[in-house]
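Descriptive structure summary
Below, each chain spelled out in residue letters.
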Amino acid sequence: MKEAIIKIKAEKEQSYPVLIGENLIDNAYQYIKEYTKANKFLLVTNEKVEKLYGELAENKNTYKIILPDGEVYKNMQMLNKIIDKAIEIKLERKDAIIALGGGVIGDMAGFAASIYERGIDFIQIPTTLLAQVDSSVGGKVAVNHKYGKNMIGNFYQPKLVLADTKTLKTLDERQFKTGLAEVLKYAFIEKSCQAEKDYKLFEFLEANISKIQKRDTQIIQELIYICCSLKSSVVNKDEKEKGLRAILNFGHTYAHAIEKLTEYNKYTHGEAVSIGMKMVFNLALNIGYINKEYYERCIQLITKYKLKTELEEEFNKEIFYESMKNDKKVSNGEIKFVIPIKEKEVEIINKIDKNNIIQGI
Ligand SMILES: NC(=O)c1ccc[n+]([C@@H]2O[C@H](COP(=O)([O-])OP(=O)(O)OC[C@H]3O[C@@H](n4cnc5c(N)ncnc54)[C@H](O)[C@@H]3O)[C@@H](O)[C@H]2O)c1
Ligand SMILES: [Zn+2]
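Below you will find a few notes about this structure. (Residues numbered from 1 in each chain as written. Chains lettered and ligands numbered in written order. Predicted model: local features only at pLDDT ≥ 70, side-chain atom pairs only at ≥ 80, totals over all residues. Heavy atoms only, no water.)

Overview of the site of ligand 1
To keep it simple, the criterion reads: Think of it this way: one heavy atom of a residue within 4 Å of a molecule or strand is enough to make that residue near it. Polar contact is defined as a pair of N or O atoms within 3.5 Å, subject to the rule that within protein one atom must be able to donate a hydrogen and the other to accept it, and that residues adjacent in sequence are counted only when both atoms are side-chain atoms. Values of accessible area rely on a 1.4 Å probe in the Shrake-Rupley scheme; residue burial ignores everything except the protein chains shown. Secondary structure follows DSSP: runs of H or I at least 4 residues long count as helices, runs of E at least 2 residues long count as strands, and numbering of each begins at the N terminus. Residues are grouped as follows: Ala, Val, Leu, Ile, Met, Phe, Trp, Tyr, Cys and Pro are nonpolar; Asp, Glu, Lys and Arg are charged; every other residue, Gly included, is polar.
For ligand 1, the set of nearby residues contains 25 residues, the closest of which are Glu71, Lys74, Thr127, Thr128 and Thr170. In the environment of ligand 1, an oxygen atom lies 3.1 Å from a nitrogen or oxygen atom belonging to the backbone of Val104. Alone, ligand 1 offers 870 Å² of accessible surface; in the complex the protein occludes 89% of this. Where the shell around ligand 1 is concerned, the elements lending two or more residues are helix H2 (47-53), helix H4 (103-115), helix H5 (129-135) and strand S8 (148-155). With 4 residues, the top contributor of residues to the shell around ligand 1 is H2. Taken together, the residues that form the shell around ligand 1 break down as 6 nonpolar, 10 polar and 9 charged.

Written out as structure tokens, the structure is:
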């Protein structure tokens, strides 16, 4: 088992571990009890994950709420259902909510934990690669609104994250690759994460392509450990995204527009991110921020992992650009871009010329 410690220097000093291992979920409560004094638990999951792993997370003091599966259900109605259930089972201030599932369940259950009785303990058991390397760590919790994704939410850190790599074996290829897109993102921004150690994630990814594609347990555990450590380094310096944390949005400015224009039902988030990363590499090459050699190396990595790099349709570039301008991360009408500037280094730049942005598409 590996353990990454997530440190958060927010208002008060707090930190929590991400335990990474195979079959951790079989003894979930043995770990959970170390990090919460809760007597009663509300386990939030969805229909699909419940069938696969629900039984393992059973316990005599645990009540379950099983929600429908899908991003469309990440909304206030489902949040209300969680809160109703918590009230019905008389969950108290010292009790805890457990999220068992991917990013959708984690974000929603975490938000519920942050507001129920002004905040109760929260445990994450992420079951997708995306959730294990990204969404379960760092404390962003939210639901969607019809006018936008993650519009209603909070910053709320879990007490413990249990990343069981066994659960990744049942993920379909498309969902696994969606997580890989976020993994590659960390490789492209590693130096800017300012971690204490050089994890050489880029080289690790270049050297272990077939093992990672086969989901080799040891290698995947190392991968999750590196990604969580890098995210921790960023979140520790800037929990509320006042500056540095925005680098985690590398490739996402284009990706959000792609997702929005295709109504969130054509590409997975990771597919939009890998296409978005290629676009931002194009942009950086065109402006001259990076050289051709580094550009080729990055694009090669994305294609070797067989991630999507091209849109399947032509978009009207003006509409695409307008969609980017309407992103919630835009301030004063200027699009904030995370641009590669050197090997594994990015910079947040908001004065990019419209023509250059469009050229990247
Ligand atoms: N909080 C953050 O910092 C953060 C960061 C990135 C993404 N997110 C959010 O995460 C969400 C996306 O997360 P996701 O990609 O995990 O999607 P998801 O939660 O919808 O899971 C993807 C699919 O995989 C299924 N699934 C989950 N675990 C499985 C398993 N072990 N085996 C087989 N199938 C399984 C789910 O039921 C679902 O159908 C988005 O809502 C996004 O906004 C949040
Ligand atoms: Zn993302």
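Read on for the rest.
Side note on the coordination of the zinc ion (ligand 2)
This is how the line gets drawn: For Na, K and Ca the donor cutoff is 3.2 Å, while for all other metals N, O and S atoms must lie within 2.8 Å; water is not among the atoms, so some sites may look incomplete.
Within the protein, the atoms that donate to the zinc ion (ligand 2) are Glu182 (OE), His252 (NE2) and His269 (NE2), at distances of 1.9 to 2.2 Å. Every donor residue of the zinc ion (ligand 2) comes from the same chain, spaced as E-x69-H-x16-H. Of the two residues, Glu182 is situated in helix H6 (residues 173-189) and His252 in helix H10 (residues 252-261); the sequence distance between them amounts to 70 residues.

Digging into the side chain of Thr262
Selection criterion: The rule is simple: take the accessible area with a 1.4 Å probe, protein chains only, and divide by the maximum for that residue type; under 20% is buried, over 50% is exposed, in between is partly exposed. By definition in these notes, contact holds between two residues if any of their heavy atoms fall within 4.5 Å.
You can see Thr262 is positioned in the loop between H10 and helix H11 (269-287). Look at Thr262 and you get buried, because its relative accessible area is 9%. In terms of polar contacts, Thr262 uses its side chain to reach the backbone carbonyl oxygen of Ile258, at 2.7 Å. Sequence-distant contacts of Thr262, that is, excluding residues within four places in its chain, are made with Tyr267, Glu313 and Phe315.

A look at the nonpolar core
Here is the rule we go by: Nonpolar cores are built from buried Ala, Val, Leu, Ile, Met, Phe, Trp, Tyr and Cys residues. Side-chain atoms within 4.5 Å join them into one set. Throughout, the edges of the domains are those of an automatic or database domain assignment.
Of all hydrophobic cores here, the largest spans 81 residues; its most connected members are Phe188, Leu201, Leu205, Phe281 and Phe337. With 11 residues, helix H9 (residues 217-237) is the single largest residue contributor to this core. Residue-level mapping places this core at the junction of two domains, with at least three residues from each of domain 1 (2-171) and domain 2 (182-360). Ignoring sequence-local partners within four residues, the contact set of Phe188 consists of Phe202, Phe250, Met277, Phe281, Tyr294, Cys298, Leu301, Ile302, Lys344, Glu345 and Val346. Counting residues in hydrophobic clusters, the runner-up holds 24 residues, among them Leu42, Val44, Ile105 and Tyr116.

Overview of the packing of H6 against H11
Between two packed helices, what matters for the description is the angle formed by their axes and the separation of those axes. Stated precisely, the cut-off is as follows: Only the stretch in contact is used when a helix axis is fitted, and all axes are lines through C-alpha atoms; the angle between N-to-C directions ranges over 0 to 180 degrees. Helix crossings fall into two classes, left-handed where the near helix is turned counterclockwise from the far one by less than a right angle and right-handed where it is turned clockwise.
Between H6 and H11, whose axes approach to 7 Å, the crossing angle comes to 35 degrees. Both H6 and H11 take part in a crossing whose hand is left-handed. In this structure, H6 contributes Arg174, Thr178, Ala181, Glu182, Leu184, Lys185 and Phe188 to the contact, and H11 contributes His269, Gly270, Glu271, Val273, Ser274, Met277 and Phe281. Here the contact of H6 with H11 is built from residues that sort into 6 nonpolar, 4 polar and 4 charged.

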